[in-house]
Amino acid sequence: MSYFESRMKVNFKDLDDIRKKLKWSQDLGIRNVILEPKNYMSKIPLELKEKIMKFSSSNIYFRVNLRVENLNEFKKKIKNHNNFEDLLSIESLNKDVQIHAARDSRVDLISFSEPNILKSLTTGVLSLVKQNNSFIEFSLHPIFERNIHLQSKNFRILYRFLHMIRKSKVNYIISGNFSDLYDFRHPRGLISICHSLLDLPINESKQAFNEQPRKLLERRNIKD
């Protein structure tokens, strides 16, 4: 079964670094990768995407993340994403932004990858995400924290909200979202972590790295 790394942040001005990360992930057996610019780009040029896709035999997709602080900033940036061809995610501590993003059909997923943002997740946002058939994103990188105290704290936060969303029956994906190359894992290893440490049923753990990312791409009409 072919799994996804749904969030690999890269510097689109450093093609050598992108080539290195794609080779590393390919050697780990990752066959589907969704790349995200580390620094905001309203649109990733087609010629750049075509060049990057030649770096690896893996299936490569693209996403843009809007990290915004307030509603005015969200409304200003979202205007650049009408008829957008790649995945679009929103990341914000601001509850008004989260609510508007959950209602906006241009937004594919709302990312709660960071513990401080995850703690702001409400059942109201989950309800709107469900109505819009969009997605919530969790990431595992916080539980790879080297500081044991922070690692334990991050684990408890992730555990609590992951099971809250399961009860809401909302679409969600789980990404690695690692910045350190040596933290990269094959999704089968991450599935094992979700099953053994986060108490996710094994089938549901697999779906978060396989079936759900495919549904996310289908939502944007991106062919797998």
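A short tour of the structure in this document, coming up. These figures come from a predicted structure and were not determined experimentally.

Let's shift gears to the nonpolar core. Of all hydrophobic cores here, the largest spans 61 residues; its most connected members are Leu-35, Ile-136, Phe-138 and Leu-140. Here this core gets five residues from one element, more than from any other, and that element is helix α7 (residues 148-168). Setting aside residues no more than four positions away along its own chain, Leu-35 makes contact with Met-8, Val-10, Phe-12, Ile-18, Leu-22, Ile-52, Ile-60, Tyr-61, Phe-62 and Arg-63. Judged by nonpolar contacts, the second largest core, of ten residues, contains Leu-109, Phe-135, Leu-217 and Ile-222.

Counted as a void, the largest pocket has a volume near 220 Å³. For the largest pocket, the full set of lining residues is Ile-165, Arg-166, Lys-169, Val-170, Asn-171, Tyr-172, Glu-204, Gln-207, Ala-208, Glu-211, Gln-212 and Lys-215. Counting only elements with at least two residues in the lining of the largest pocket, the list comes to α7, α9 (202-209) and α10 (211-219). When grouped by side-chain class, the residues that make up the lining of the largest pocket number four nonpolar, three polar and five charged.

Here the focus is empty space enclosed by the protein. One pass over the structure, following the stated rule, counts two cavities of 30 Å³ or more. Looking at the largest cavity, its volume works out to about 50 Å³. What lines the largest cavity is simply Phe-112, Ser-113, Pro-115, Leu-118, Phe-138, Ser-139, Pro-142, Asn-154, Ile-157 and Leu-158. Put simply, the parts of the chain that give the lining of the largest cavity at least two residues each are α5 (115-118), β6 (135-139) and α7. Among the elements that make up the lining of the largest cavity, the one with the highest residue count is α7 (three residues). Per-class residue counts for the lining of the largest cavity are seven nonpolar, three polar and no charged. A volume near 30 Å³ is recorded for the second largest cavity. In terms of lining, the second largest cavity is formed by Glu-5, Met-8, Ile-30, Phe-178, Phe-184 and Arg-185. Here the residues of the lining of the second largest cavity sort into four nonpolar, no polar and two charged.

Where burial is concerned, most of strand β4 (residues 87-91) is hidden: five out of the five residues are buried. Burial along β4 is two-sided: the residues Leu-87, Ser-89 and Glu-91 and Leu-88 and Ile-90 are all buried. As defined by bridge partners, strand β3 (residues 59-67) adjoins β4 across five bridges and the pair is classed as parallel. When the bridges of β4 are listed, Asn-65 appears paired with Ser-89. Of the pairings in the sheet, the one linking β4 to strand β5 (residues 109-111) comprises two bridges and is parallel in character. Across the sheet, residue Ile-90 finds its bridge partner in β5, namely Ile-110.

Each value, and the rule that gives it
Residues numbered from 1 in each chain as written. Predicted model: local features only at pLDDT ≥ 70, side-chain atom pairs only at ≥ 80, totals over all residues. Heavy atoms only, no water. Core = buried A, V, L, I, M, F, W, Y, C linked by side-chain atoms within 4.5 Å. Buried < 20%, exposed > 50% of the residue type's maximum accessible area, 1.4 Å probe, protein only. Helix = DSSP H or I, 4+ residues; strand = E, 2+ residues; numbered from the N terminus. Contact = heavy atoms within 4.5 Å. 1 Å grid on protein atoms, 1.4 Å probe; cavity = no way out; pocket = protein on both sides within 12 Å on 5 of 7 lines; lining within 4 Å. Points joined across faces, edges and corners; volume = space filled by probe spheres on them. Nonpolar A, V, L, I, M, F, W, Y, C, P; charged D, E, K, R; others polar. Pairing = 2+ DSSP bridges.

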